[in-house]
Amino acid sequence: MRDIDLIYQLDILYHELDSKEKELQHIKERVEIIKRNEEKLRYQLELDNLYKIIGKKHLEQRKKEAQLNDLKYKLVNLKDSYEKAIIKDNKQYEHFISSIEDLEEKIDTTELEIIDFMVNQDKVNNLIDKTKSKIDEISREISDLMKNYDSKTINLEKEIDELINSILMQRNNISVEKLNKYERIRNKKKKAVAIVSNRACSSCGMILPTSYYDLLQKNDDIILCENCGCILYYKKE
Ligand SMILES: [Zn+2]
């Protein structure tokens with residue numbers, strides 16, 4: 001096999017390596033995992049917030065319950081002293097009655113407030129449950145994505161290893177002088193080798209003179225396209 005054939009094969013291996021490395025960097029799962037993790041964090045912060053709210057509500061409710069007990073205790077005492085007292089006049093009687101009514105009204109209001117608190121807590125607890133199950137769902141999705149990502153990266157890394165080995169082996173088969181020339185061109189431009197197709201350079205489209213064409217078919221020299229500088233390669237059909 002001519003050096004130029006080997007260089008053409010080497011170039012293909014390098015292109016494969018480039019695309020595999022790009023693929024590894026842009027694996028879809030990786031992007032998805034990052035997005036999902038951000039989403040999970042948002043829900044976790046929300047959950048944290050909800051726990052704070054429910055904690056505060058719980059404390060407020062306990063305060064109200066203590067207030068209610070206090071009011072009830074006062075009412076019992078008031079009723080007790082009303083029964084025991086010797087009412088002297090109408091004014092004293094009215095004072096007792098209005099104090100009792102006042103306390104009873106306060107008890108009613110406080111009881112309603114407690115019910116409101118409980119309804120509110122139910123709503124927050126509901127939100128907590130929903131947020132928790134959302135977090136669980138996202139965690140499951142992330143672990144599925146990770147499984148997929150892991151197997152894909154392992155495969156890609158294996159393929160890249162194999163390609164690097166093939167490239168090293170292929171380089172050993174090419175004469176140093178020609179290999180150096182190829183590497184120099186490859187370092188300068190992404191596309192180092194252009195196939196000659198329909199008597200033209202496939203990289204820039206320039207039609208090649210007939211003398212070139214004959215040389216390419218028979219010779220093993222590195223011949224560059226005058227227009228774009230690619231190594232020209234004539235591929236036998
Ligand atoms: Zn060209």
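Residues numbered from 1 in each chain as written. Predicted model: local features only at pLDDT ≥ 70, side-chain atom pairs only at ≥ 80, totals over all residues.

### Some words on the sheet that holds strand 3 (residues 231-233)
Picture the strands of a sheet paired through backbone hydrogen bonds; they go either parallel or antiparallel.
Next, step 1: With mixed pairing, three strands are arranged side by side in an open sheet as 2-1-3. Across the chains shown, the open sheet's two edge strands, defined by having one partner strand only, are strand 2 (200-201) and strand 3.
Next, step 2: Sheet analysis places strand 1 (residues 193-197) next to strand 2, joined by two bridges and oriented antiparallel. What sits directly across from Val196, in strand 2, is Cys201. (Pairing = 2+ DSSP bridges. Helix = DSSP H or I, 4+ residues; strand = E, 2+ residues; numbered from the N terminus.)

### Quick look at the UniProt feature "domain: C4-type zinc ribbon" (unreviewed entry) in the protein chain
Next, step 1: Mapped onto this numbering, the UniProt entry annotates "domain: C4-type zinc ribbon" (unreviewed entry) at residues 200-232.
Next, step 2: Secondary structure across residues 200-232 comprises 27% helix and 12% strand; the distance between its end C-alpha atoms is 10 Å. (UniProt positions renumbered as here; feature names shortened; annotations may be inferred.)

### Re the UniProt feature "coiled-coil region" (unreviewed entry) in the protein chain
Next, step 1: Per the UniProt record, "coiled-coil region" (unreviewed entry) is annotated on residues 10-37 and 93-166.
Next, step 2: For residues 10-37, the end-to-end C-alpha separation is 41 Å, with 93% helix and 0% strand making up the annotated structure.
Next, step 3: Secondary structure content for residues 93-166 is 100% helix and 0% strand, and the end C-alpha separation is 108 Å.

### Quick look at helix 1 (residues 3-25)
Residues lying three or four places apart along an α-helix face the same way, a consequence of the helix completing one turn every 3.6 residues.
Next, step 1: Taking 1.5 Å of rise per residue, 23 residues should cover 33 Å, and helix 1 covers 33 Å from first to last C-alpha, within 8% of that figure.
Next, step 2: Residues of helix 1 that are buried make contact with helix 3 (90-172), helix 4 (176-188), strand 1 and strand 3. (Expected span 1.5 Å × (residues − 1). Contact = placed C-beta atoms within 7 Å.)

### What about the domain arrangement of the protein chain?
Next, step 1: When its domains are assigned, the protein chain resolves into domain 1 (13-174) and domain 2 (178-233).
Next, step 2: The C-alpha-based centres of domain 1 and domain 2 are spaced at 65 Å. (Domains from an automatic or database assignment.)

### Regarding the environment of Ile97
Next, step 1: Summarising the element assignment, Ile97 is placed in helix 3.
Next, step 2: Between the alpha carbons of Ile97 and Ile53 there is a distance of 40 Å; along the sequence they are 44 residues apart.

### Notes on the nonpolar core
Next, step 1: Counting residues in hydrophobic clusters, the biggest one holds 18 residues, and the most contacted among them are Ile7, Cys230, Ile231, Leu232 and Tyr233.
Next, step 2: Contributing elements (two or more residues each) for this core: helix 1, strand 1 and strand 3.
Next, step 3: No other element matches the four residues that helix 1 contributes to this core.
Next, step 4: With sequence-adjacent residues up to four places away left out, Ile231 is seen in contact with Ile7, Tyr182, Ile185, Ala192, Val193, Ile222 and Leu224. (Core = buried A, V, L, I, M, F, W, Y, C linked by C-beta atoms within 7 Å. Buried ≥ 20, exposed ≤ 12 C-beta atoms within 10 Å, placed from the backbone.)

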